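# Structural description and commentary
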Amino acid sequence: MTPPQTIAQQLAAKQREISVAEFFERNRQILGFDNLQRALLTTVKEGVDNSVDACEEASILPDVLVEISKESEDRIGVAVTDNGPGILRKEIPNVFARLLYGSRFHSNRQARGQQGIGISAAVLYANLTTARPARITSKVEEEEAAHVLELVIDTQKNLPKVVSEGLDLWDRPHGTRVELVLKARYTRGRQSPLDYLRGTAIVNPHARIVLVEPDGTRVTFERASTDLPPASKETLPHPYGLELGELGYLLKGTKRATLAEFLAKDLQGVSQRAVKDVLTRGSFRANEPPASIQGERQERLLTALHEVPLVAPSPDCLSPIGSMLIKRGLRNVLGELKPEFFAPPVSRPPKVRGGFPFMVEVGLVYGGGLPPDQPVQILRFANRVPLLFQQGACAITNAISNLDWRRYGLDQKGGSGVPSGPALILVHVASTKIPFTSEAKEAIAEDPEIDKELTLALQAAARHLRTHLSRRSRRDFANEKFTIIRRILPKLAEKTSHLVGKPSPDLTAVITRIMDVVNVETQVIAEPKAVRVPVEVTNFTPRARVLELFVEIPPDVMALAAFEPAPEGTEPELGRAWWTLPKLAPNGRTKLEVAFPAKSDVDASDFDWYIAGIDEAHVLGADPLPGDWDVRLPRTIVEAAEMAAQEAAQEGAGEEEVDYDAAEASAHVSDEE
Amino acid sequence: MPPKRARTSATKSDADLPKVRADALAPTLELAEQIYDQLDRGEIPRMRLPLRTKQNLSFQMREGVWRLGKAMGTRSARKLDGALMLLRTFYLVDFINEMARDRKTSTLRELYYISEAWEDAKFHSEDESNLLIEDLEVMCTRLREDFRLHPEENGASVIGDLTIKERNRQGIVKKINCKDDVGDGGYSLPFNVEKEKIEFVGSNAKFVIAIECGGMVDRLAENRFDEEHDAILVHLKGQPARSTRRFLKRLTEELQLPVVVFTDGDPWSFRIYASVAYGAIKTAHLSNYLATPSAEFLGVTASDIENYELPSDQLSEQDVRALQAELTDPRFGTAEWRSEIELMLKNGKKAEQQSLAKYGLNYVTEHYLPEKLTEMEIL
């Protein structure tokens, strides 16, 4: 099967026949310039993408300044300045004033501006709408001054034309500044430059981005991380993702002398055995010069390549954001909303679709200042670029809509559609080739492989949310009980005993009946040299309990940790320790402590505490022991656990009367208006 | 606090009326005893109360009123809300007993502010405190006045040939005729209208007309309707206060005067009539004491709006909901009420009683009321 040509290629083919101006007019929409608001956004987006990509290629932490000014209501000036490596003088005209020119067009790696149509389209749009040239300032480190060029595009020939040129002593070692004046409209809010830059800042926490708005307002997204994302490696094209046009281009441009050599060395995943298979299948000779394969024979070669078994494409060329940075980026930008929960971000392992590796990452934030009764905010990213338009047509939105979020604690009418609640979902799809619904690259097209990964990643994030919410509701429940036993019950006893003139009664039994839980309370006390984690286990149940407590901590911390008292048993390589607690009478408590040297990257509140010997419905602050802990429990604990299970089964047998103070029952009907 | 009431006269339904006793506070202490014993036995403290809901009203054939049924709920310290209400109950009981010791009384509003000092147990709204007092009335079969709690003076006015004796704050008994001895505002009802406070001396009136709006009371007074037709006018002031309802009941029972209720023609006015005649849901535990089952609804009825071509308004959404709720309200379960409510729903119209002024200021007294009262065989 021959994959269809990309739209870019079709456009490129057409472009030879018509002037670029005409081409632009015809394709305004897919190029992202169909209305004034969008024209500005697309221009900012192309400028910023270029800048961040350039910085990353040169391993520079990006520092991007976006300045927007208003010449008149619909005439907007845009200047994007970066600290990138700069562009050589001779490359400047082609990079900025020639459509479909760019080193990335045939590169097999993940980059933001994937098809190279970007910044020169913005230059052309500016030329066409305001007749003003683009002004480019660029300085490379080796040179002393910056080149300043004013460029327009010759719309007949699709060639850059330098209108004026000069030098400037720029006060920075290297960088590029692009200035355009275009017909556009400036807005804030949804689908605005600010919205776009916020998204960019979230997924690029290593970048510092500053926006200066027309009224002088300066919005700064500070850098949240000084780690550059690992540079995505350029890899050889894999035949599974190869299209006919590209294959022709590769055959023509290769330096290999023979077809066999080309197959083995210029393509990815083709073994010696596969080379032989391809040659036989397509009736090619091993020593044919690659450039001699043309026309119908190219098609035959591609078919053969698609038929023989090949090594799967390597995911090295992907550049995921990574769990750590998703978390940091979200915290950095959303911190002021004080969300109550940042789900551990989910990074799915890379998968392959067609010949192209891809991977899905999901972050989820809940609560705080996020609006509680609106559809959740969805932040979509493709190769680290925010997608702002066509949310409804995007595979990401569909995957979210198709999940039944009610099971995970969000509202969703009928169990499908975008859920509502105080949540924000970030989804990043990284791939060397993302199937967009259109060349405007605003929505990801439906694809069964991508959809499967999206669903798995979303489910994983949603499970974290569910765990959080159920812990929260147990915590609320516990707080309610503690309020009753600590604040209300003693006063009730005091009041009634005063009224009847008798001594205050002993409340132990009532307290344990009301609470009916074993409470495991852990604290984290950070001291200069050590972190102490005292644990208090209280038996707020009406009977004596024999319990076993377990903790799981990072094994490297375990090696340095001190336990008081000494644990009953440990498995240092797994970071596990456990204690058989002394028998606890009703209202009885016991304490233990874990301490380890202060270490910046260990969050002791993340330690997992487990308990055995009691039904989970009667425990606060610890989870039941997971099945994969192959620990031999003492007989007393096993027996206690069995008894607890029996008790739990008997509970709720005698249903109670209507709760007089429950909302429904206390809705006393009144005759008043 | 008025002196202890020692009621001797008894009507038929008096048997299970809440008795006013010198030991009014004993039942509150019994409640405290109950909870104390539960705590002492290690049980989760709880109380059982009849549910005060529409679904739990049951008709008392003998008295002709709606009272609370048998459905019970539990107020338990197992839940925070229940625990708080229990604690509040005993702050309230303690306060009541303190007042008795100090010979003080308190208005409901004052109680609400008193609770500021109750920390966790303080009331968040006056509704909350009123509901708790009603709970206490139910559990102790006492009136809130027994607990030394009373509403602010309501001042509903009475105009007509009725002579009463009222014992004023100085304890002096004054004889008052509600036509001759009062100003244009009429005689103002105190919150306590029991015998030891107000005694009926005599009346030449033939019936009592209870009126929703002050404007209509004034109209009837100005037109001398009370004199011309030997009527006693009682202003209901919207949903009538307990004292107004108690007063109407006493007029009926002691002076054998028929009571007619004259209100606006809308769903809320139907409820005003229902609480006069059948008892209000909130105070269903006191229906025997407050309701006047023989009271009749005069109007404005849904058919009056049509027959008299009264200026009307469209029913609002809330009005429609209120009417629909009334269709499931056992108090409106009669065929007459059902057809009246359904007619109003069908026509979609409501009218104020003062809309009768469309035909001039005298129309209500010269035409409408005489016609309706003749129809009801009162004139």
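Looking only at helices and strands, one finds 17 helices and 27 strands in chain A. Counting only C-alpha atoms, chain A reaches 105 × 70 × 60 Å along its principal axes. Here chain A holds 673 residues, and 51% of them are scored as buried. Long-range contacts, defined as pairs at least 24 residues apart, comprise 71% of the intrachain contacts of chain A with a sequence gap of at least 6. For chain A, the exposed area adds up to about 30700 Å²; of that, 49% sits on carbon and sulfur atoms. Considering chain A, the positive charge centre built from 79 side chains and the negative charge centre built from 93 side chains are found 4 Å apart.

On to unusual backbone geometry. Cis rather than trans, the peptide bond between Glu564(A) and Pro565(A) has omega equal to -5 degrees. The residue Pro565(A) is located in the loop between strand 20 (562-564) and strand 21 (569-571) in this model. Put simply, Gly299(B) and Val300(B) share a cis peptide bond, and its omega is 10 degrees. A positive phi is found at Arg148(B), a non-glycine position, where the angle reads about 65 degrees. Tracing the sequence through the fold places Arg148(B) in the loop between helix 4 (126-140) and strand 6 (149-150). The phi dihedral of Glu309(B) falls on the positive side, at around 45 degrees, and the residue is not glycine. Along the chain, Glu309(B) falls in the loop between helix 10 (302-307) and strand 16 (313-314). Residue classification places Glu309(B) among the exposed residues on the basis of a relative accessible area of 54%.

Next up on the list: the environment of Arg62(B). With respect to the helices, strands and loops of the structure, Arg62(B) is situated in the loop between strand 2 (57-60) and strand 3 (65-68). On the basis of relative accessible area, Arg62(B) is assigned to the exposed category, the value being 65%.

This part takes up the sheet that holds strand 19 (residues 548-552) of chain A. Strand pairs in the sheet, formed through backbone hydrogen bonds, run parallel or antiparallel to each other. All names here are of chain A. Reading across the sheet, the five strands line up as 21-22-19-24-26 and stay open at both edges, with mixed pairing between neighbours. One side of each edge strand has no neighbouring strand; the edge strands of this open sheet are strand 21 and strand 26 (623-624). Bridge count for strand 24 (residues 608-612) against strand 26 is two bridges, and the pairing is parallel. Bridging across to strand 26, Tyr610 finds its partner in Asp623.

Residue and element names in this part refer to chain B. The N-to-C vectors of helix 2 (residues 80-102) and helix 4 enclose an angle of 75 degrees; their axes lie 11 Å apart at closest approach. Compared by their axis directions, helix 2 and helix 4 come out roughly perpendicular. Residues Met85, Arg88, Thr89, Leu92, Val93 and Ile96 of helix 2 lie in contact with helix 4, whose contacting residues are Glu128, Leu132, Ile133 and Leu136. Of the residues in the contact of helix 2 with helix 4, the class split is seven nonpolar, one polar and two charged.

Residues and elements named next belong to chain B. Domain parsing of chain B yields domain 1 (19-150) and domain 2 (157-375). Roughly 1800 Å² is buried in total at the junction of domain 1 and domain 2, and carbon and sulfur atoms are behind 61% of that figure. Taking the shortest distance from any N to any O, the salt bridge between Glu137 and Arg242 comes out at 2.6 Å. Where domain 1 packs against domain 2, one counts six residue pairs in polar contact (both at pLDDT 80 or more). Only strand 3 and helix 4 provide two or more residues apiece to the side of domain 1 that touches domain 2. Here the element with the most residues in the side of domain 1 that touches domain 2 is strand 3; it accounts for four residues. Its residues assigned to classes, the side of domain 1 that touches domain 2 comprises six nonpolar, three polar and eight charged.

Attention shifts here to the domain arrangement of chain A. Put simply, an interface is often sized by how much accessible area is lost when its parts join up. Residues and elements named next belong to chain A. Domain boundaries in chain A define domain 1 (11-221), domain 2 (239-312), domain 3 (335-469) and domain 4 (513-650). Taken over C-alpha atoms, the centre of domain 1 sits 29 Å from the centre of domain 3. Contacts between the two partners involve 26 residues from domain 1, matched on the other side by 22 residues from domain 3. Carbon and sulfur atoms make up 58% of the surface buried where domain 1 meets domain 3, a total of about 2100 Å² over both sides. Our count for the contact surface shared by domain 1 and domain 3 stands at one salt bridge. Of the charged contacts, one joins Glu442 and Arg38 as a salt bridge, the two residues approaching to 2.3 Å between their closest N and O atoms. Put simply, domain 1 and domain 3 have four residue pairs in polar contact (both at pLDDT 80 or more) between them. For the side of domain 1 that touches domain 3, the secondary-structure elements that each account for two or more residues are helix 3 (28-31), helix 4 (36-57) and helix 7 (193-203).

Let us look at the interface of chain B and chain A. Taken together, the contact between chain B and chain A spans 52 residues of the former and 38 residues of the latter. Interface area, chain B with chain A, both sides summed: about 4100 Å², of which 60% is carbon and sulfur. On the chain B side of the contact with chain A, Tyr36(B), Leu39(B) and Leu80(B) bury the most area, a combined 17% of that side's loss. Inspection of the region where chain B meets chain A yields seven salt bridges. Where Asp120(B) meets Lys491(A), a salt bridge forms, and the shortest distance between an N and an O atom there is 3.6 Å. Between the two partners, chain B and chain A, sit 13 residue pairs in polar contact (both at pLDDT 80 or more). Where the side of chain B that touches chain A is concerned, the elements lending two or more residues are helix 1 (26-41), strand 1 (46-50), strand 4 (72-76), helix 2, helix 4 and helix 8 (267-277) of chain B. The residue makeup of the side of chain B that touches chain A, split by class, is 25 nonpolar, eight polar and 19 charged. Of the strand pairs in this sheet, strand 27 (residues 658-659) of chain A and strand 4 of chain B are connected by two bridges, and their pairing is parallel. By the bridge assignment for strand 4 of chain B, Val658(A) is matched with Gly73(B).

Under the criterion given, the structure shown has 61 salt bridges over all chains. For Glu43(B), the salt bridge is made with Arg41(B), and the minimal N-O distance between the two is 2.9 Å. Classification of Arg41(B) by relative accessible area gives exposed; the value is 52%. Overlapping salt bridges bring together Asp661(A), Arg52(B), Arg75(B), Glu134(B), Asp135(B) and Lys282(B) as one network.

A separate point is the packing of aromatic side chains. Each aromatic ring pair is described using two quantities: the centre-to-centre distance and the angle formed by the ring planes. One pass over the full model with this rule turns up 24 aromatic pairs over all chains. When the ring of Phe33(A) is compared with that of Tyr125(A), the centres are 4.8 Å apart and the planes differ by 25 degrees; the resulting orientation is stacked. Highlighted residues: Phe33(A) in the loop between helix 3 and helix 4 and Tyr125(A) in helix 6 (residues 118-130), separated in sequence by 92 residues. Phe33(A) gets classed as buried once you look at its relative accessible area, which sits at 1%. Of the residues examined, Tyr125(A) reaches a relative accessible area of 2% and is grouped as buried. Taken together, the ring pairs in this structure connect Phe270(B), Tyr273(B), Tyr278(B), Phe297(B), Phe332(B) and Trp337(B) into an aromatic cluster. Its end group placed over the ring of Phe284(A), Arg300(A) keeps NZ or CZ at 5.2 Å from the ring centre. Just above the ring of Trp629(A) sits the side chain of Arg576(A); from NZ or CZ to the centre is 4.3 Å.

Cut-offs and rules
Residues numbered from 1 in each chain as written. Chains lettered and ligands numbered in written order. Predicted model: local features only at pLDDT ≥ 70, side-chain atom pairs only at ≥ 80, totals over all residues. Heavy atoms only, no water. Helix = DSSP H or I, 4+ residues; strand = E, 2+ residues; numbered from the N terminus. Buried < 20%, exposed > 50% of the residue type's maximum accessible area, 1.4 Å probe, protein only. Contact = heavy atoms within 4.5 Å. Areas by Shrake-Rupley, 256 points an atom, 1.4 Å probe, with all protein chains shown as cover. Lys, Arg positive; Asp, Glu negative; His and termini not counted. Charge placed at Lys NZ, Arg CZ, Asp CG, Glu CD. Pairing = 2+ DSSP bridges. Axes fitted to C-alpha atoms, helices over the stretch in contact; angles between N-to-C directions. Parallel < 35°, antiparallel > 145°, perpendicular 65-115°, else oblique. Nonpolar A, V, L, I, M, F, W, Y, C, P; charged D, E, K, R; others polar. Domains from an automatic or database assignment. Buried area = accessible area lost by both parts, 1.4 Å probe. Salt bridge = Lys/Arg side-chain N within 4 Å of Asp/Glu carboxyl O. Polar contact = N/O pair within 3.5 Å; in protein donor to acceptor, adjacent residues only side chain to side chain. Phe/Tyr/Trp six-rings, centres within 6.5 Å; stacked < 30°, edge-to-face > 60°. Lys NZ or Arg CZ within 6 Å of the ring centre and 35° of its normal.

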